[in-house]
Amino acid sequence: MRARVLAAVTAVTLLAAGTPVPASAAPGPAPVPGATVPCPRLPAPKVSRPPRPTPPATTPDQAAVGGAALAAPGLVTPPGSPAPPAVTATTWLVADLDTGAVLGACGPHVPGTPASTQKLLLAATMLSRLDPKQVAVATRDDLDIEPGSSAVGLLVGGRYSVETLWLGLILQSGNDAANMLARLGAGSTQAGVAEMNTEARRLGAGQTHAVTPSGLDGPGQFTSAYDLALIARACFADDAFRRYALTERTQIPAQPALKKGGFQIQNENQLIYRYPGALGGKTGFTELARHSYVGAAQRDGRRLVVTLLGAEARPVRGWQQGAQLLDWGFGLPRDASVGRLVEPGERDAEAAQPRQAAAAEPGRTAAPPWRGPAGTALQRIGDGDWRMIVPVAGLLALTVGGVVAVLAARRGRRVGVLAARRSRTRRRGRRRA
């Protein structure tokens, strides 16, 4: 009987206390990354520059875009490949324009400042929106640029075709042309910048944030060598851009109404004059960004692009560093690769997949942790489940009632025994007297 009583009490106690839920396993230590391979660097002269802004932190997802190997902050090249040339650029990348294969890089996802290579993002955003034959009038706001910065020489009230503006942007790196093209493409300069950022996200350039259409420095304006390659690939896919990028010189038209004559401008990208098979590109410089460069060329049926940020002009100019890296890339086997350039829209599609899967299964919830029978019953009682409360209350009442009955029976037997003993004692007493 005692065993049954103890069993019943134990069951009730366990039901009330529940079963401990196993704790989730603690995460293991983070994997130790491989040693960073330093990039071959040319010694560069010391220069004075404004304080460098702190870039936004690069998330693991951003660092892995294009392949896990590209997350390295240092040098990444195909196994067994010759060492790339030493350059002064802080980051760079070489890729195949057609296949998207990344042939090699140095800190491809390390944030940098774009300078005028930002104008390629403006081109990728607005080229398809604007009719090259459209003629527009320059406004005073279009000419609101940093004093001493590069300009085509547009005049307030001057009339210019969109094609002239594109040539002024690419050949002469005109910041006035950048403002005007952004306005024509989106309604205002700032709206044009917003459209540039939208296009960067579509291309997969998640580390790129534009603040100005021209690349003039602004707070929070960053890009990366990898992002620049994505943007350049989009530009070189456009027939008009390829034609503009290879144009050596053009005439800025006279403005008779303003009594101003026309003048000629030349392409500042020396690659098109000095590198066999050059396809063009874009130069850039600010005191903060230093020299940036994008260049492309073709050789033996291959088209490669090089991007570099944070270079110095001595001892080797930016376009020459790009040319040396292109030579290195052309020397690699056609199947060489350390990653790839993602396709336009690919990153958006990947981000949408989890949301679509969740929407397709609205009733699906995560499985609850294992609590054991008693713990599950306790949880259901706590949630107010009467289908569990009623049986448990009955079991509890039955158990308590059983315990009370047993104790009462035992007490009754003891009372009966004592009464019998007293009766016998009285009988014996009467016989003795």
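Residues numbered from 1 in each chain as written. Predicted model: local features only at pLDDT ≥ 70, side-chain atom pairs only at ≥ 80, totals over all residues. Heavy atoms only, no water.

A closer look at the overall build of the protein
- In terms of helices and strands, the protein carries 13 helices and 11 strands.
- By the burial criterion, 42% of the 433 residues in the protein qualify as buried.
- Within the protein, counting contacts between residues at least 6 apart in sequence, those at least 24 apart form 70% of the total.
- Carbon and sulfur atoms make up 58% of the accessible area of the protein, which amounts to about 22800 Å² in all. (Helix = DSSP H or I, 4+ residues; strand = E, 2+ residues; numbered from the N terminus. Buried < 20%, exposed > 50% of the residue type's maximum accessible area, 1.4 Å probe, protein only. Contact = heavy atoms within 4.5 Å. Areas by Shrake-Rupley, 256 points an atom, 1.4 Å probe, with all protein chains shown as cover.)

What about the packing of aromatic side chains?
- Under the counting rule described, the total for this entry stands at 2 aromatic pairs.
- A ring pair is formed by W92 and W328, whose centres lie 6.0 Å apart and whose planes are at 80 degrees; its orientation type is edge-to-face. Linking W92 in strand β2 (residues 91-96) with W328 in helix α10 (residues 318-330), this pair joins segments that are 236 residues apart in sequence.
- What makes W92 buried here is its relative accessible area of 0%.
- Here the aromatic rings of F236 and F241 are separated by 5.1 Å at their centres, their planes lie at 85 degrees, and the arrangement is edge-to-face. The burial state of F236 is the same as that of F241; both residues are buried. (Phe/Tyr/Trp six-rings, centres within 6.5 Å; stacked < 30°, edge-to-face > 60°.)

Remarks on the pattern of salt bridges
- Applying the stated criterion across every chain, the model contains 13 salt bridges.
- A salt bridge links E350 to R347; the nearest nitrogen and oxygen atoms lie 3.7 Å apart. Residue E350 and its partner R347 are both found in helix α11 (residues 346-360); the two are separated by 3 residues, about one turn of the helix.
- Salt bridges linked by common partners bring E287, R290 and E312 together as one network. (Salt bridge = Lys/Arg side-chain N within 4 Å of Asp/Glu carboxyl O.)

Let's talk about the pairing of strand β6 (residues 249-252)
- Where burial is concerned, the two faces of β6 differ: the one with T250 and I252 is buried and the one with R249 and Q251 is not.
- By the bridge criterion, 4 bridges tie β6 to strand β7 (residues 263-266) in an arrangement that is antiparallel. Note on β7: the bridge partner recorded for T250 is I265. (Pairing = 2+ DSSP bridges.)

Describing α10
- An ideal rise of 1.5 Å per residue puts 18 Å on 13 residues; α10 measures up with 19 Å between its terminal C-alpha atoms.
- Here α10 lies mainly inside the structure; 10 of its 13 residues are buried.
- The set of residues buried in α10 consists of G318, W319, Q321, G322, A323, L325, L326, W328, G329 and F330.
- The inward-facing, buried residues of α10 contact β2, β3 (101-106), α9 (271-274), β9 (290-299) and β10 (302-311). (Expected span 1.5 Å × (residues − 1).)

Some details on the packing of helix α3 (residues 119-126) against helix α5 (residues 175-186)
- Look at α3 against α5: their axes get within 11 Å of each other, and the N-to-C directions meet at 25 degrees. Overall, the two elements α3 and α5 adopt an arrangement that is roughly parallel. Considering how the two elements wind past one another, α3 and α5 form a crossing that is left-handed. Judged by residue contacts, K119, L122 and M126 of α3 engage N175, A178, L181, A182, G185 and A186 from α5.
- A per-class count over the contact of α3 with α5 returns 6 nonpolar, 2 polar and 1 charged. (Axes fitted to C-alpha atoms, helices over the stretch in contact; angles between N-to-C directions. Parallel < 35°, antiparallel > 145°, perpendicular 65-115°, else oblique. Left-handed = near helix turned anticlockwise from the far one by under 90°. Nonpolar A, V, L, I, M, F, W, Y, C, P; charged D, E, K, R; others polar.)

Focus: empty space enclosed by the protein
- One pass over the full model with this rule turns up 1 cavity of 30 Å³ or more.
- Along the walls of the largest cavity sit I170, L171, S173, N267, E268, N269, G281, K282 and T283, which together make up its complete lining.
- Among the elements of the structure, α4 (162-172) and β8 (278-286) are those that each provide at least two residues to the lining of the largest cavity.
- It is β8 that contributes the most residues to the lining of the largest cavity, 3 residues altogether.
- Per-class residue counts for the lining of the largest cavity are 2 nonpolar, 5 polar and 2 charged. (1 Å grid on protein atoms, 1.4 Å probe; cavity = no way out; pocket = protein on both sides within 12 Å on 5 of 7 lines; lining within 4 Å. Points joined across faces, edges and corners; volume = space filled by probe spheres on them.)

With respect to the confidence of the model for the protein
- Confidence in the prediction for the protein averages 83 pLDDT; 74% of positions are at 70 or higher.
- Low pLDDT (under 50) marks residues 1-33, which in the prediction has 24 contacts with non-local residues, meaning those over four places away or in another chain.
- Overall, residues 425-433 carries pLDDT values under 50, and its contacts beyond four positions in sequence, including any with other chains, amount to 0 contacts. (pLDDT = per-residue confidence, 0-100.)

Some points on unusual backbone geometry
- A cis amide bond, omega 10 degrees, links R314 with the succeeding residue P315.
- In this fold, P315 is placed in the loop between β10 and α10.
- Although it is not a glycine, A115 sits at a positive phi angle of roughly 55 degrees.
- For A115, the location among the structural elements is in the loop between β3 and α3.
- The backbone phi angle of S173 is positive, close to 55 degrees, even though this residue is not glycine.

A few points about the state of the cysteines
- Tallying each qualifying case throughout the model produces 1 disulfide.
- In this model C39 forms its disulfide with C106; the gap between the sulfur atoms is 2.0 Å. Sign of the S-S torsion, about 105 degrees for the bond between C39 and C106, identifies this disulfide as right-handed. Of the two residues, C39 is situated in the loop between α1 (2-17) and α2 (60-63) and C106 in strand β3; the sequence distance between them amounts to 67 residues. For the pair formed by C39 and C106, the shared burial category is buried. (Disulfide = S-S within 2.5 Å.)

Re the nonpolar core
- By size, the foremost hydrophobic cluster in this structure holds 61 residues, and its most contacted members are W166, Y226 and F241.
- In terms of residue count, the dominant contributor to this core is helix α7 (residues 225-236) (9 residues).
- Setting aside residues no more than four positions away along its own chain, F241 makes contact with L120, A123, L127, I170, C235 and F236.
- A101, C106, L325 and L326 belong to the second largest nonpolar core, which has 26 residues in total. (Core = buried A, V, L, I, M, F, W, Y, C linked by side-chain atoms within 4.5 Å.)

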